[in-house]
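# Structure at a glance
Next come the chains, spelled out residue by residue.
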Amino acid sequence: YLLTVGNKRVHKRFDTAIRAFAKLAAERPTLQLVMIGNRDAHAAELRRLAESLGVAARVHDVAALGDVALHRAYAGAEALLVTSRDEGFGLIAIEAMAAGCPVVAVDRGPFPEVIGDAGVLVPYDDPAAMADALRQLDRPALIARGRARAARYTWDAAADLLAPILRAAAR
């Protein structure tokens, strides 16, 4: 299965993930798309889109999960699709990489910096490019690079970066 994670709101652009999935559906008849996150009114629009593209039976809308279950979902996925128009930091990409899940993300917001060469970046709002990236995914290489990249984003590493700034501010 492919995975998306986040609140099902318009700015998350899960419609791009559904459209990319639909482009792969005929080639990969057992592939599923799992969308994890809190639902809002936009979730119904996403369902209608999946129906109109003929993939509704293979698109699964799952409510938010706890940390352990979410980690398992990342670990079991073929890839995480990150399609968001606006994002603060990109924590879901780091969580996925740490769990051994390759990341295919849009080339906007924090993702080029956070993911670097440990994932695949595609043009924003381009389902065809996302589908092509998934067709060419080198999972073993991305898993190794992703885990190494995610290891840089620990609380200890953040504290090491922040400590000198706080010391300087205290002077």
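Structure: above.
A brief report on the enclosed structure follows. None of these values were measured; they are calculated from a predicted model. Throughout this document, residue positions are counted from 1 along each chain, in the order its sequence is written. Selection of residues for local features in this predicted model requires a pLDDT of at least 70, selection of side-chain atom pairs for listing and counting requires 80 or more, and totals for whole chains, interfaces and linings are taken over all residues. Water and hydrogen atoms were dropped before computing side-chain values, which therefore reflect all heavy atoms in the structure.

## Observations regarding the sheet that holds strand β5 (residues 103-106)
Heads up, the rule is: Any two strands with at least two DSSP bridges between them are considered paired. Think of it this way: any DSSP run of H or I at least four residues long counts as a helix, any run of E at least two long counts as a strand, and we number them from the N terminus. Each axis is a line fitted through C-alpha atoms, and for a helix only the stretch in contact is used; angles between axes span 0 to 180 degrees, taken between their N-to-C directions. For this analysis, residues touch if any pair of their heavy atoms sits within 4.5 Å.
Reading across from one edge, β3-β2-β1-β4-β5-β6 is the order of the six strands in this open sheet, with parallel pairing throughout. Of all strands in the sheet, those bounded by a partner on one side alone are β3 (59-62) and β6 (120-122). Pairwise comparison of adjacent strand axes, ignoring direction, gives a mean angle of 25° for this sheet. Of the pairings in the sheet, the one linking β5 to β6 comprises three bridges and is parallel in character. When the bridges of β6 are listed, Val106 appears paired with Val122. Sitting on the sheet, helix α3 (residues 67-76) touches β1 (2-5), β2 (33-36) and β4 (79-82), and the angle it makes with β1 is about 140°.

## Quick notes on the pattern of salt bridges
Applied cut-off: Should a side-chain nitrogen of Lys or Arg be within 4 Å of a carboxyl oxygen of Asp or Glu, the pair is scored as a salt bridge. Note on classification: 1.4 Å probe, protein chains only; a residue is buried when its accessible area is under 20% of the maximum for its type, exposed when over 50%, partly exposed between these limits.
Summed over the entire model, instances satisfying the criterion amount to ten salt bridges. Asp86 serves as the salt-bridge partner of Arg85, at 3.2 Å between the closest nitrogen and oxygen. Given the relative accessible area of 31%, Arg85 is considered partly exposed. The exposure class assigned to Asp86 is partly exposed, which follows from its relative accessible area of 42%. Taken together, the salt bridges that share partners define one network made up of Lys8, Arg39 and Asp61.

## A closer look at the packing of aromatic side chains
As a reminder, the rule being used: Note on aromatic pairs: the rings of Phe, Tyr and Trp (six-membered ring only in Trp) are paired at centre separations within 6.5 Å, and the planes decide the class, stacked below 30 degrees, edge-to-face beyond 60, tilted for the rest. Lysine and arginine charges are scored as sitting over a ring when NZ or CZ, respectively, is within 6 Å of the ring centre and within 35 degrees of the ring normal.
Enumeration according to the criterion identifies one aromatic pair in this entry. Ring geometry for Phe89 versus Tyr153: centroids 5.8 Å apart, planes at 70°, classification edge-to-face. Taken together, the residues Phe89 in the loop between β4 and α4 (91-98) and Tyr153 in the loop between α7 (139-150) and α8 (155-170) connect sequence positions 64 residues apart. The class for Tyr153 is partly exposed, based on a relative accessible area of 30%. Sitting above the plane of the Tyr124 ring, Arg108 keeps its charged end 4.2 Å from the centroid.

## A few points about α7
Cut-off, in case you're wondering: Each residue after the first adds 1.5 Å to the expected span of a helix. Picture the helix axis, draw a direction to every C-beta atom, and the arc is the one those directions span.
Helix length check: α7, at twelve residues, gives a terminal C-alpha distance of 16 Å against a target of 16 Å (1.5 Å per residue), a fit within 8%. Taken as a whole, α7 has its buried residues at Leu142, Ile143, Gly146, Arg149 and Ala150. Down the axis, α7 shows its buried residues gathered within 135° of arc, on one side only. Check the buried side of α7 and you find it contacts α4, α5 (111-115) and β6.

## Looking at empty space enclosed by the protein
Definition in use: Using protein atoms alone on a 1 Å grid, points that fit a 1.4 Å probe yet trap it form a cavity, whereas open point sets bounded by protein on both sides within 12 Å along at least five of seven lines form a pocket; residues with an atom within 4 Å of a point count as lining. Grid points are joined across faces, edges and corners, and a volume is the space filled by probe spheres set on the points. When residues are sorted by character, Ala, Val, Leu, Ile, Met, Phe, Trp, Tyr, Cys and Pro go into the nonpolar class, Asp, Glu, Lys and Arg into the charged class, and all the rest, Gly among them, into the polar class.
Counting across every chain of the model gives one cavity of 30 Å³ or more. In this structure, the largest cavity occupies an estimated 40 Å³ of space. Forming the walls of the largest cavity are Val5, Lys12, Phe14, Leu81, Val82, Thr83, Ser84, Glu87 and Ile92. Classifying every residue of the lining of the largest cavity gives five nonpolar, two polar and two charged.

## Some remarks on the side chain of Lys8
Condition: Polar contacts, as used here, are pairs of N or O atoms within 3.5 Å; protein pairs need one atom able to donate a hydrogen and one able to accept it. Residues neighboring in sequence count only if both atoms are side-chain atoms.
Within the secondary structure layout, Lys8 lies in the loop between β1 and α1 (14-25). Residue Lys8 is classed as buried on the basis of its relative accessible area of 0%. A polar contact of 3.4 Å, which involves the side chain of Lys8, links it to the backbone oxygen of Met35. At a separation of 2.8 Å, a polar atom in the side chain of Lys8 contacts the side chain of Asp61. Ignoring any residue separated from it by four or fewer positions in sequence, one finds Lys8 in contact with Phe14, Met35, Ile36, Gly37, Asn38, Arg39, Asp40, His42, Ala43, Leu46, Asp61 and Val62.

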